[in-house]
Amino acid sequence: GISHVLTLVLQELSLLCKKDVNGVGILYDLLRSRWLQALLKMYECLQHYLGKRPVPVTLQARALTREVVELLREAPQSGEIKELRRLLRAPHLKAALLSAHDTVAQKDFEPTLPPLPDNIPENEEAMRIVCLVKNNQPLGATIKRHEITGDITVARVIHGGLADRSGLLYAGDKLVEVNGVPVEGLEPEQVISIL
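The structure presented is a predicted model; accordingly, all values stated were derived computationally and were not measured. (Residues numbered from 1 in each chain as written. Predicted model: local features only at pLDDT ≥ 70, side-chain atom pairs only at ≥ 80, totals over all residues. Heavy atoms only, no water.)

Draft legend 1. The arrangement of the environment of glycine 167 in detail. Structurally, glycine 167 is set in the loop between α7 (162-166) and β3 (177-178). Glycine 167 gets classed as buried once you look at its relative accessible area, which sits at 9%. When the C-alpha positions of glycine 167 and lysine 41 are compared, they lie 6.8 Å apart, and in sequence the two are 126 residues distant. If near-sequence neighbours (up to four positions away) are discounted, glycine 167 is found in contact with Ala38 and Lys41. (Helix = DSSP H or I, 4+ residues; strand = E, 2+ residues; numbered from the N terminus. Buried < 20%, exposed > 50% of the residue type's maximum accessible area, 1.4 Å probe, protein only. Contact = heavy atoms within 4.5 Å.)

Next up, the structure:
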């Protein structure tokens with residue numbers, strides 16, 4: 001994937017850096033930056049997800065079932081056709097299963113991120129909005145209060161945990177907000193309860 005290509009480019013650039021070719025050092029540093037590595041990792045994950053995401057065959061299973069029942073009414077009546085018509089007209093299939101299918105098929109379950117504020121000053125540090133879905137698993141990161149600034153920061157990211165696999169959180173990252181709740185002034189224990 002893209003990470004492999006980037007590794008090959010970095011290997012090639014490291015040789016050019018030793019030869020002191022103009023601008024190669026800057027490009028090499030840029031390609032080695034953690035934020036670009038995380039961005040590429042996220043891009044690969046999204047591409048993998050988009051390729052494997054299941055898509056409903058139809059958004060209107062109930063309507064399709066009604067059409068099938070009508071077609072079966074016109075077909076020569078055998079035991080199997082009668083049984084199929086009886087099953088397709090059963091209330092638990094129509095009301096529960098097909099209705100649930102249509103409801104789920106018509107919804108968009110992608111996470112939605114809040115819009116960025118319009119009043120961000122030009123000289124402010126870059127901020128990342130990170131969305132991690134936990135699903136009853138630990139975050140895989142610890143937090144602490146910075147001794148000097150008092151900010152809540154990521155103390156460490158545990159190898160193999162959710163935060164590590166996402167490539168979105170790093171040790172030293174400052175937490176500004178968790179699940180829509182500002183964390184300024186909170187104790188680390190309070191922030192953990194929000195997570």
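Structure's up, so let's keep going.
Draft legend 2. Spotlight on the pattern of salt bridges. Under the counting rule described, the total for this entry stands at 4 salt bridges. Two residues, glutamate 83 and arginine 86, come together in a salt bridge whose shortest N-O distance is 2.9 Å. Within this pair, glutamate 83 and its partner arginine 86 are both found in helix α5 (residues 79-89), separated by 3 residues, close to a single helical turn. For lysine 174, the salt bridge identified is with aspartate 151, shortest N-O distance 3.8 Å. Remark: aspartate 151 occurs in the loop between β1 (141-145) and β2 (152-157) and lysine 174 occurs in the loop between α7 and β3; sequence separation between them is 23 residues. The exposure class assigned to aspartate 151 is partly exposed, which follows from its relative accessible area of 24%. (Salt bridge = Lys/Arg side-chain N within 4 Å of Asp/Glu carboxyl O.)

Draft legend 3. Just the packing of helix α4 (residues 61-74) against helix α6 (residues 91-105), in detail. Between α4 and α6, the shortest axis-to-axis distance is 8 Å and the interhelical angle comes to 130 degrees. Regarding the angle of α4 to α6, the classification is oblique. Contact residues: Ala61, Arg62 and Thr65 in α4; Lys94, Leu98, Ser99, His101 and Asp102 in α6. A breakdown of the residues in the contact of α4 with α6 according to their chemical character gives 2 nonpolar, 3 polar and 3 charged. (Axes fitted to C-alpha atoms, helices over the stretch in contact; angles between N-to-C directions. Parallel < 35°, antiparallel > 145°, perpendicular 65-115°, else oblique. Nonpolar A, V, L, I, M, F, W, Y, C, P; charged D, E, K, R; others polar.)

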